[in-house]
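Chain by chain, the residues run as shown.
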Amino acid sequence: MKERILVIAEHHKGHIVPTTYEAITFALELNSLARAKVLVMILGKSVNGMANMLAETTGLDVLGLEGDHLEFYNAEQYKHAIEHAIGNINPLYICMTHTAMGLDLAPGLAVRLNASCITAVEGIKPNGGKLSFVRSMYGGKIQAEIIPELKKSIITLLPGAWKARERYPDKKGSVQIKDVHRGVSISRTFSVKESEEESLNLDDADVIVAAGRGIGTEENLHLVKDLAKIFNKSAIGASKAVCDLGWLGYKYQIGMTGRTVSPRLYIACGISGSSQHISGMKDSQTVVSINLDPNAAIFNVSNYCIVEDVTTFIPVLLEEYKNFVEA
Amino acid sequence: MRILVCVKQVIDGQAPVVIDETGAWVKHGNISPFRMNRYDEFALEEALRIKEKFNDVTIDTISFGPPRVSSTIRKAMEMGANEGIHILTDEDSFVTPFEVASAIASYAKTNTYEIILAGAMSEDDMNSQVGQLIAELLHRPCATLVMHQEIREGGKELYVEREIEAGRRECLYLTLPAVLTIQSGINTPRYPSLSNALRARKAQILTIEAKDLNIPEKRERLTGLSYPEVSSKGTFIEGTQKEKAKKLLGILHEKSLI
Ligand SMILES: Cc1cc2nc3c(=O)[nH]c(=O)nc-3n(C[C@H](O)[C@H](O)[C@H](O)COP(=O)(O)OP(=O)(O)OC[C@H]3O[C@@H](n4cnc5c(N)ncnc54)[C@H](O)[C@@H]3O)c2cc1C
Ligand SMILES: Nc1ncnc2c1ncn2[C@@H]1O[C@H](COP(=O)(O)O)[C@@H](O)[C@H]1O
């Protein structure tokens, strides 16, 4: 049996999702530690073009699995197809990103393949001849090192934890395309709806002031709006918690299942800094965070950290701004 | 129709989290503020809405953990769950999602639940695994991050929309019995009613010892806990509120942002 490190590629509308390349970087790092060859697997209705492109840009071998029933991602069909396609490959590690697809697929696939499963991994550490995988807990306040106990492991990677490589070996990997049969369909995905909410011009804003649950009440939103007004080309945004509470519409949501933004300045007001929120704003040039909790995870990605109550600090800040303008 | 809702008790997000002396797990003081995992409140609310829409629906709620978690089971009953089941462990220690899922699946196997609901993620361990694992262990279909569900075909099929990246939604059908993990924002969880609160206070919770359930070995082992390094790029601005405000404005001005 050929030992392999398998990467499951993710794609949308005929394009490879960028985080797939982060998973490839991770797999190559594992390869230098575990000495098994990396194989990329891509599933879909017609994947020949994307498979060749992947083999060309990364120099890695690619296995494409095709079938009409794979037009949309579906956990049951993916588990069935992967289980059967693996055949005589012995994947020591199966890597994918911790996206809506990755987190949906990984745990069930692990049970089916009799594998350990570690999700939202951010780091690797050699640990007495084995590898431990680092992941956050308690909203990023604690980091845990976890070792898989079984021979096979399924690992999902936190988006943004590894960088896509700029250079790959200057050769083309092999491409193999296989047809796969439909599994029993106890679940059938038939469409993907685009976001109903028209997007705001969050993309154009130089400055985004974002509200989190820490603002306390819907009435306090005006603080965030007033703060945004002191900047040119500014906009307001929100954490998912604020949208879930109905304080702002979902079109304001920033993060994994919301918008991805990269303004010159991002001010996080009462946002804890969950990985899902961070993945949507981490490329901002300057991040300022205001949070009562000195250990809030948002401070780990901030340039300027202010431990204060937003509801009392923003009024002081606005007052000082007035003095500042007058001076 | 019978529905099982998995509820986890977690420490409130704003409470400090302290690694214990042995470094093996986190320390929970007696005064730690515990509450129901938020995603599970959404899951329970969704179950209650199914119950209001159809006849003959009963909702059981289940939690795996030390004695303290019984208060969260009772909270679920105050919100309107019919029965509470506690899979009791001795102490607070690291448990893997596979152990929790195996315990819940082994209880659920002998009980015919058409729908099992879990949260999208536990706020403390942040695995996003338990629901999917229960589904696979019971050979049932599963949809995660569910933002909309509708029972169709006279109770044979479930139409589901799951929240994926950039506000998009994946639409799928699941054959019942099925497992869903519920994403936050699907509904607005209710407050307990007085009548339910009174009933819950007196209700019996079915307690099962975890060790009687034949839970398999851990598939992942915890070898270390640490506090994250605060990234070196961050500067904490110190002083009174006024001083902090002045310093921040100075910095923003220097960067030509104001
Ligand atoms: C699959 C998935 C996808 C997700 N996608 C997203 C996404 O796209 N975007 C997103 O944002 N989230 C997303 N989430 C949710 C995410 O995990 C968090 O639950 C959410 O980001 C928390 O929002 P918050 O920081 O506003 O609230 P909380 O986590 O409740 O944090 C509130 C913060 O406010 C602070 N605070 C309280 N009072 C004050 C005060 N008076 N002054 C100052 N600070 C105060 C607290 O210390 C705390 O840090 C997703 C979750 C899942 C499972
Ligand atoms: N100890 C537990 N008891 C009951 N349900 C749990 C437990 N742990 C996790 N769950 C359920 O599984 C969901 C996902 O948890 P996790 O996989 O840990 O992120 C939670 O929202 C709960 O619904």
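As the structure is a prediction and not an experimental result, all values here were calculated from the model.

K.L.:
I keep staring at helix α2 (residues 70-79) of chain B and nothing clicks. Help me out?
P.N.:
The periodicity of an α-helix, 3.6 residues per turn, causes residues three or four places apart in sequence to face the same way. Residues and elements named next belong to chain B. Taken together, the buried positions of α2 are Thr72, Ile73, Ala76, Met77 and Met79. Relative to the axis of α2, the buried residues are bounded by an arc of 160 degrees and lie together on one face. Following α2 by one or two positions, Gly80 has its phi on the positive side, about 135 degrees.

K.L.:
I keep staring at the sheet that holds strand β9 (residues 142-152) of chain B and nothing clicks. Help me out?
P.N.:
Either a parallel or an antiparallel arrangement is found when strands of a sheet pair, and the pairing is made through backbone hydrogen bonds. Taken together, ten strands build an open sheet; the order of strands is β12(A)-β11(B)-β10(B)-β9(B)-β12(B)-β8(B)-β1(B)-β6(B)-β7(B)-β13(B) and the sheet is mixed. At either end of the open sheet lies a strand with only one pairing partner, and these are β12 (187-193) of chain A together with β13 (205-209) of chain B. With direction set aside, neighbouring strand axes in the sheet form an average angle of 30 degrees. Taken together, the three bridges between strand β1 (residues 2-6) of chain B and strand β8 (residues 115-119) of chain B define a ladder with parallel strand orientation. Following the sheet pairing, B:Ile3 is matched in β8(B) by B:Ile115. Sitting on the sheet, helix α1 (residues 38-53) of chain B touches β1, β6 (58-65), β8, β9 and β12 (178-182) of chain B, and the angle it makes with β8(B) is about 150 degrees.

K.L.:
Explain the sheet that holds strand β13 (residues 207-211) of chain A here, please?
P.N.:
With respect to topology, six strands assemble into an open sheet ordered β14(A)-β13(A)-β15(A)-β16(A)-β17(A)-β15(B), the strand pairing being parallel. The sheet terminates laterally at β14 (234-238) of chain A together with β15 (235-236) of chain B, the two strands that pair on one side only. When β13(A) meets strand β15 (residues 265-269) of chain A, the two strands line up parallel, connected through five bridges. For A:Ala211, the partnering residue across the bridge sits in β15(A) and is A:Cys269. Its contacts with the sheet put helix α5 (residues 221-229) of chain A on β13, β14 and β15 of chain A, and the angle it makes with β14(A) is roughly 150 degrees.

K.L.:
Before we go on, may I ask you to explain the packing of aromatic side chains in this structure?
P.N.:
Aromatic ring pairs are reported here in terms of the distance separating the ring centres and the angle at which the planes meet. Applying the stated rule across the entire model yields eleven aromatic pairs over all chains. Ring geometry for A:Phe26 and A:Phe133: centres 6.3 Å apart, planes at 50 degrees, overall tilted. Of the two residues, A:Phe26 sits in helix α1 (residues 19-34) while A:Phe133 sits in strand β8 (residues 130-137), which places them 107 residues apart along the sequence. Considered together, A:Phe26 and A:Phe133 belong to a single accessibility category, that of buried residues. Arranged with centres 5.6 Å apart and planes meeting at 65 degrees, the rings of B:Trp25 and B:Phe94 form a pair that is edge-to-face. With a gap of 69 residues between them, B:Trp25 in the loop between β3 (18-19) and β4 (26-27) and B:Phe94 in the loop between β7 (83-88) and α3 (97-109) connect regions that are remote in the sequence. Like B:Phe94, B:Trp25 is buried. Among the aromatic residues, those joined into a cluster by ring pairs are A:Phe26, A:Tyr93, A:Phe133 and A:Trp162. Across the ring face of B:Phe34, the terminal group of B:Arg68 is positioned such that the distance to the ring centre comes to 4.1 Å. When the ring centre of B:Phe98 is taken as reference, the NZ or CZ atom of B:Arg219 above it lies at 4.0 Å.

K.L.:
What should I look at first to understand the confidence of the model for chain B in this one?
P.N.:
A low pLDDT score tells you not to read the predicted coordinates there in detail. Across chain B, pLDDT averages 94, with 98% of residues at or above 70. Both scores are given for the predicted complex: the pTM is 0.97, the ipTM 0.97.

K.L.:
Is there a simple way to think about the site of ligand 1 in this case?
P.N.:
Taken together, 29 residues surround ligand 1, and among them A:Arg213, A:Ser239, A:Ile254, A:Ser272 and A:Asn291 come closest. Around ligand 1, the neighbouring residues derive from chains A and B rather than from a single chain. Between A:Gly258 and ligand 1, the recorded distance is 3.3 Å, taken from a backbone N or O atom to an oxygen atom. Contact between ligand 1 and B:Tyr39: an oxygen atom at 3.5 Å from a side-chain N or O atom of the residue. With the chains in place, 91% of the 980 Å² that ligand 1 exposes on its own is no longer accessible. Elements with a contribution of two residues or more to the shell around ligand 1: α6 (240-244) and α7 (275-278) of chain A. Class assignment of the residues belonging to the shell around ligand 1 gives a composition of nine nonpolar, 15 polar and five charged.

K.L.:
Honestly, the interface of chain A and chain B in this entry has me stumped. Any pointers?
P.N.:
As a measure of interface size, the accessible area lost when the parts come together is often cited. Listed as interface residues are 86 residues of chain A and, on the opposing side, 84 residues of chain B. Together chain A and chain B conceal approximately 7,400 Å² of surface at their shared face, both sides included; 56% is due to carbon and sulfur atoms. Between the two partners, chain A and chain B, sit seven salt bridges. Two residues, A:Glu149 and B:Arg221, come together in a salt bridge whose shortest N-O distance is 3.0 Å. Applying the counting criterion to the chain A and chain B interface returns 45 residue pairs in polar contact (both at pLDDT 80 or more). Sorting elements by how many residues they give to the side of chain A that touches chain B places helix α4 (residues 100-113) of chain A first, with eight residues. Considering only residue class, the side of chain A that touches chain B consists of 39 nonpolar, 27 polar and 20 charged.

K.L.:
I would appreciate a short explanation of the site of ligand 2 in the present structure.
P.N.:
All names here are of chain B. The environment of ligand 2 is formed by 18 residues, the closest being Asp40, Phe64, Ser122, Ser128 and Gln129. At a separation of 2.5 Å, an oxygen atom of ligand 2 approaches a polar side-chain atom of Asp40. Breaking the shell around ligand 2 down by element, the ones donating at least two residues are β6, α3 and β8. A per-element tally of the shell around ligand 2 places β6 first, with three residues. In terms of residue class, the shell around ligand 2 is made up of nine nonpolar, seven polar and two charged.

K.L.:
Looking at this structure, how should I read the environment of B:Ala105?
P.N.:
Take B:Ala105: it is sitting in helix α3. For B:Ala105 and B:Ala135, which are 30 residues apart along the polypeptide, the C-alpha to C-alpha distance reads 8.1 Å.

K.L.:
Would you mind showing me how to read the pairing of β8(A) here?
P.N.:
A regular strand carries its side chains on alternate faces of the sheet. Residue and element names in this part refer to chain A. With seven of its eight residues buried, β8 lies for the most part within the structure. Here strand β7 (residues 116-127) hands over to β8 after two residues, with Gly128 in that stretch at a positive phi of 55 degrees. Judged from the five bridges that link them, β8 and strand β9 (residues 142-148) form a sheet pairing that is antiparallel. If you follow Phe133 over to β9, its bridge partner there is Ile146. Hairpin connection, β8 to β9: the antiparallel pair is bridged by four residues, and Tyr138 has positive phi, about 50 degrees.

Thresholds, definitions, all that
Residues numbered from 1 in each chain as written. Chains lettered and ligands numbered in written order. Predicted model: local features only at pLDDT ≥ 70, side-chain atom pairs only at ≥ 80, totals over all residues. Heavy atoms only, no water. Buried < 20%, exposed > 50% of the residue type's maximum accessible area, 1.4 Å probe, protein only. Helix = DSSP H or I, 4+ residues; strand = E, 2+ residues; numbered from the N terminus. Arc of directions from axis to C-beta. Pairing = 2+ DSSP bridges. Axes fitted to C-alpha atoms, helices over the stretch in contact; angles between N-to-C directions. Contact = heavy atoms within 4.5 Å. Phe/Tyr/Trp six-rings, centres within 6.5 Å; stacked < 30°, edge-to-face > 60°. Lys NZ or Arg CZ within 6 Å of the ring centre and 35° of its normal. pLDDT = per-residue confidence, 0-100. Near = heavy atom within 4 Å. Polar contact = N/O pair within 3.5 Å; in protein donor to acceptor, adjacent residues only side chain to side chain. Areas by Shrake-Rupley, 256 points an atom, 1.4 Å probe, with all protein chains shown as cover. Nonpolar A, V, L, I, M, F, W, Y, C, P; charged D, E, K, R; others polar. Buried area = accessible area lost by both parts, 1.4 Å probe. Salt bridge = Lys/Arg side-chain N within 4 Å of Asp/Glu carboxyl O.

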